[in-house]
Amino acid sequence: MHCNYFNHKQVKRLDFEETKEPLTEEQAVEEAARCIQCEKPKCVKGCPAAVDCKEFIRLVAERDFDAALGKIMEKNPFPSITSRVCPTQVQCEGNCVLSKTGKEIKISDLERFAAENGKVEEKEIVENGKKAAVVGGGPAGLATALELREKGFAVSVFEAGERAGGLPLWGIPHYKLPAGVVESWVSRVKEKGVEFVFGKKVGKDVMLPELQKEFDVVFICIGENKEKGLGLQGEELQGVLYWNEFLQKFNGSSGSFKGKKAVVIGGGNTAMDCARVAVRLGYEVIVAYRKTRDFMPCYESEREKAEEEGVKFEFLLSPIEFLGNGRLEKVRFQKARIEKEQFIATQETVEMEADAAIIAIGQQQDNSVLNETELQGKWIEASSFSMPLKRTFAAGDITNEEKTVVSSIASAKKAVREMEKLGGEGK
Ligand SMILES: Cc1cc2nc3c(=O)[nH]c(=O)nc-3n(C[C@H](O)[C@H](O)[C@H](O)COP(=O)(O)OP(=O)(O)OC[C@H]3O[C@@H](n4cnc5c(N)ncnc54)[C@H](O)[C@@H]3O)c2cc1C
Ligand code: SF4
């Protein structure tokens, strides 16, 4: 059955300018003064990096912005980034006691204010004569490199791409996090004396055993950037893109697809980001999800923002084929129905015309980093931050259950602590 799904109007033309305004000094001090300085601050518990929110907020209220920034950076070296991207509604702000009244302290805005208005003294580095290799230049790699450098290691970061920053640089949409913010923190890591080797994919251009020989310790921080495919007929057609290809090409670029139709397949936060980026390129966008609205794994606020921007949602649809002659023309879906709270595939199919289909159904790590090691490219559980390989540790999305920037940063500190505990040897 062919249905005309695309007959809605986009609310307004959007661009990639950052959407959130910073606080002024007066607003920041006033906001910080609202904090009741709880005896047992739940906001701290809600932060995966355990930033002492209560104390830094107190320091902002006292206009000691340098000390406030210093307090944050004891636990989190990249506050300009986290203050823009943390899902605070389920972290510090969601846990703030005042959230019960809907008047939680705007902790992320205060963190950003401190990051932009405070200064910290750089720690003096005492060289320890040891060498560390970090594989991957995303938040986990950058935080690990910084932590190791501050402990006196000579650090080299091996990054497969041509720039450091990882997903925050190319994946997180620029209207949330401008690329310049990430680049300025990469520069800060470079200024500390960390060396970057770009265009070297470990497991392909350089082998892990070579790094294990040359360096005293190796940290694997490769993230989960590999797409999950659907394995459907027509997936190779021009116009069918995975989330990572799409964002790498189009995040931040100016639109030239006005009037064209894009279908985003998936219901998570990455699908919402792809949909909102596609809107900014000028596409009419439909998100097609296999279950119902209530089962969408994305944050409600992300879905609402997508809706406000004109994204339309269609539920109970699973793609079964991409149709076209060289180029995508239609996506065929199988419909599902709900019976006793179960989703049951029906015999009914529908076709949706589309110039682009963006597949955003999940991501995984690329095991090729382990080629030529004892593990022969086979992944292992790394949640303890130490790998079953000599002097090799791991941090970031590949170790974390909660896959966020701040958790990646927090895991870097934990991985370095684990390395110290094991005397640099690994398991
Ligand atoms: C679309 C999208 C939006 C997101 N939005 C948010 C958000 O708003 N807030 C939030 O907190 N989190 C968000 N996340 C999650 C967040 O980006 C990740 O949790 C975080 O970036 C993980 O950091 P990482 O350093 O482990 O990995 P990554 O950021 O993925 O960095 C890994 C780096 O390693 C490099 N690399 C990979 N393999 C190799 C190799 N073999 N050799 C050398 N280099 C290699 C990659 O090129 C990359 O630069 C989002 C994720 C996605 C996909
Ligand atoms: S929970 Fe809220 S009110 Fe209490 S210390 Fe933290 S920010 Fe302040």
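In this report, we go over the structure that sits alongside the text.

Right, let's get into the overall build of the protein chain. Each helix and strand in the protein chain was counted, giving 15 helices and 15 strands. Taken over the C-alpha trace, the protein chain has a radius of gyration of 23 Å; the compact-globule value for 427 residues is 22 Å, and the two agree within 12%. Counting only C-alpha atoms, the protein chain reaches 70 × 55 × 45 Å along its principal axes. Long-range contacts, defined here as pairs at least 24 residues apart, represent 71% of the contacts in the protein chain between residues at least 6 apart. Total accessible area computed for the protein chain in this model is approximately 20000 Å², and 47% of it derives from carbon and sulfur atoms. Side chains of the protein chain give 62 positive and 68 negative charges; the mean places of these two sets differ by 2 Å.

Let's shift gears to the site of ligand 2. Around ligand 2 lies a shell formed by C35, I36, C38, P41, C43, K54, I57, C96, V97, I105 and I107. Along the lines of polarity and charge, the residues of the shell around ligand 2 split into ten nonpolar, no polar and one charged.

Bringing the nonpolar core into the picture now. Ranked by internal contacts, the top residues of the largest apolar core, which has 41 residues, are F78, I81, L148 and F219. Of all the elements in the fold, those that place two or more residues in this core are helix 4 (65-73), helix 5 (79-85), strand 1 (131-135), helix 8 (139-150), strand 2 (154-159), helix 10 (179-191), strand 4 (217-220) and helix 15 (405-421). Shared between two domains, this core holds at least three residues of each, these being domain 1 (25-117) and domain 2 (131-225 + 365-421). Every residue in contact with L148, bar those within four places of it in the chain, is listed here: A132, V134, F153, V155, F219, V416 and M419.

Right, let's get into helix 4. Buried residues of helix 4: F65, A68, L69, I72 and M73, and no others. Seen along its axis, helix 4 keeps its buried residues to an arc of 130°; they face one direction.

If you trace the backbone, D397 turns up in the loop between strand 15 (392-394) and helix 15. With no salt bridge to any partner, buried D397 finds its closest opposite charge in K403, at an N-O distance of 5.5 Å. Setting aside chain neighbours within four positions, we find D397 in contact with L167, G223, E224, K403, T404 and S408.

Okay, a positive patch on the surface next. Taken together, the side chains of K40, K42, K45 and K100 make up a positively charged region of the molecular surface. Mapped onto the elements, K45 comes out in helix 2 (residues 42-46).

Moving on, we get to the pattern of salt bridges. Counted by the stated rule, this structure contains 37 salt bridges. One salt bridge in this structure joins K71 and E74, with 3.2 Å as the shortest N-O distance. As a salt-bridge pair, E116 and R84 come within 2.9 Å of each other at their nearest N and O atoms. Linking E116 in helix 7 (residues 107-117) with R84 in helix 5, this pair joins segments that are 32 residues apart in sequence. Taking the relative accessible area as the measure of exposure, R84 reaches 15% and is therefore buried. Taken together, the salt bridges that share partners define one network made up of K176, D273, R276, R280, E302, K305 and E309.

Bringing the site of ligand 1 into the picture now. Contacts to ligand 1 come from 35 residues, most closely from V85, E159, V202, D397 and V405. D397 is positioned such that a nitrogen or oxygen atom in its side chain is 2.7 Å from an oxygen atom of ligand 1. A distance of 3.4 Å separates an oxygen atom of ligand 1 from a polar atom in the backbone of K403. In isolation ligand 1 exposes 990 Å². Once the protein is present, 92% of that is buried. Those elements giving two or more residues to the shell around ligand 1 turn out to be helix 8, strand 2, helix 9 (167-170), helix 12 (243-250), helix 13 (269-281) and helix 15. Shared between two domains, the shell around ligand 1 takes at least three residues from each, and those domains are domain 2 (131-225 + 365-421) and domain 3 (227-363).

The rules behind these values
Residues numbered from 1 in each chain as written. Chains lettered and ligands numbered in written order. Predicted model: local features only at pLDDT ≥ 70, side-chain atom pairs only at ≥ 80, totals over all residues. Heavy atoms only, no water. Helix = DSSP H or I, 4+ residues; strand = E, 2+ residues; numbered from the N terminus. Rg over C-alpha atoms; globule rule 2.2 N^0.38 Å. Contact = heavy atoms within 4.5 Å. Areas by Shrake-Rupley, 256 points an atom, 1.4 Å probe, with all protein chains shown as cover. Lys, Arg positive; Asp, Glu negative; His and termini not counted. Charge placed at Lys NZ, Arg CZ, Asp CG, Glu CD. Near = heavy atom within 4 Å. Nonpolar A, V, L, I, M, F, W, Y, C, P; charged D, E, K, R; others polar. Core = buried A, V, L, I, M, F, W, Y, C linked by side-chain atoms within 4.5 Å. Buried < 20%, exposed > 50% of the residue type's maximum accessible area, 1.4 Å probe, protein only. Domains from an automatic or database assignment. Arc of directions from axis to C-beta. Salt bridge = Lys/Arg side-chain N within 4 Å of Asp/Glu carboxyl O. Patch = residues over 30% accessible without salt bridge, like charges linked within 9 Å, V, L, I, M, F, W, Y side chains within 5 Å. Polar contact = N/O pair within 3.5 Å; in protein donor to acceptor, adjacent residues only side chain to side chain.

Just distances and angles here, no functional claims.
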